[in-house]
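Breakdown of the fold
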Amino acid sequence: AAAAKLAATRNPVHAGVLAALAEAELDSGDAAAARETARTGVAMAREVLPAGHPDLGAPLYALARVAITRGDAASAEPLLREALALRGAAQAAADPRVLEVKVALARVFTMQGRKNESHAMRLEVEPWLRASGNPYLALLRARLTAAPAAPKAGTGGHRPAASADA
C-alpha cells in the first residue's frame, strides 16, 4: 500500500525511496513484497526521470537483488548491466553504488557458471572493498565471499528461491 501511494506522487525522489523499501522488504524475508515494490520503483523512475538518469540505478539494483534471491540470474543480469552503465557514468569506480552492482554481477556470473567473468569481477572489486572501513563495503565484502557455487549441470544456472541475496 505504501509503495502505491509513493508511486502515485510522481515525485522523482520517491523512486529511490521505493528502491530502499524494496531492499528492506527483501532483507526482512518478504521477497514477494520486495519484487512488487522494486517493479513499481523501476516503472516510476522510468516514467519520471530523464533518460539515462543515474537515479534509475537504485530501483534497477533492488529489482536485480530480488531476482538473485529468487535464483533468476538471467533476469538479474540485464538489470545490473543497465544499473552499472547509469551509475558508472556518474560515480567513481570506488563508489559503493558502483561496487554493489559489481558484487551482484559477480554473483550472477557464478550462478550462471561463468567462472572466468565472476573471477575477473571479484579481482576488480576486492581491493576497493578491502581498502575502506565503510560498514556497507564490509557487507558487500561478505556478500562477495558468500557468493553461491557454480550451478550443477542441468540446473540452467538457477538457484533455489531460498538462496541468500547478493
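First things first, this report covers the structure right here in the doc.

Parameters at a glance
- One numbering rule holds for all chains: residues counted from 1, following each sequence as written.
- Totals for whole chains, interfaces and linings use all residues, but because this is a predicted model, local features are given only for residues with pLDDT of at least 70 and pairs of side-chain atoms are given and counted only at 80 or more.
- Here the side-chain values reflect all heavy atoms present in the structure, with hydrogen atoms and water set aside.
- Here, the term nonpolar core denotes a set of buried Ala, Val, Leu, Ile, Met, Phe, Trp, Tyr and Cys residues that are joined through side-chain atoms within 4.5 Å.
- When a residue's accessible area, from a 1.4 Å probe over protein chains only, is under 20% of the maximum for its type it is buried; when over 50% it is exposed; and in between it is partly exposed.
- The helix and strand labels rest on DSSP assignments: H or I over at least four residues marks a helix, E over at least two residues marks a strand, and numbering proceeds from the N terminus.
- Residues are treated as being in contact if the distance between any of their heavy atoms lies within 4.5 Å.
- A 3.5 Å cut-off defines polar contacts: any pair of N or O atoms within that distance qualifies, except that in protein one atom must be a possible hydrogen donor and the other a possible acceptor, and neighbouring residues in sequence count only when both atoms are side-chain atoms.
- The span you would expect from a helix comes to 1.5 Å times its residue count less one.
- Two axes are fitted around each residue, one to the seven residues ending there and one to the seven starting there, and the angle between them is reported as the bend at that residue.

1. Some remarks on the nonpolar core
Among the nonpolar cores identified, the biggest contains 41 residues, and L60, I68, A76, L80 and L129 are the most heavily contacted of them. Within the residue set of this core, elements represented by two or more residues are α1 (2-9), α2 (12-27), α3 (31-48), α4 (57-69), α5 (73-90), α6 (96-111), α7 (115-130) and α8 (135-145). At nine residues, the largest contribution of residues to this core is made by α6. L80 has contacts with Y61, A64, I68, V101, A104, L105 and V108, leaving out every residue within four places of it along the chain.

2. Some remarks on the side chain of S118
Position of S118 relative to the elements: it lies in helix α7. Side chain to side chain, S118 and T110 meet in a polar contact 2.6 Å long. If near-sequence neighbours (up to four positions away) are discounted, S118 is found in contact with A106, F109 and T110.

3. Some details on α7
Between its terminal C-alpha atoms α7 stretches 22 Å, which fits the 22 Å expected from 16 residues at 1.5 Å a residue. At E124, α7 shows its maximal bend, which comes to roughly 30 degrees, and the proline P127 appears one to four places after that position. Taken as a whole, α7 has its buried residues at S118, M121, R122, V125 and L129. Elements that come into contact with the buried residues of α7 comprise α6 and α8.

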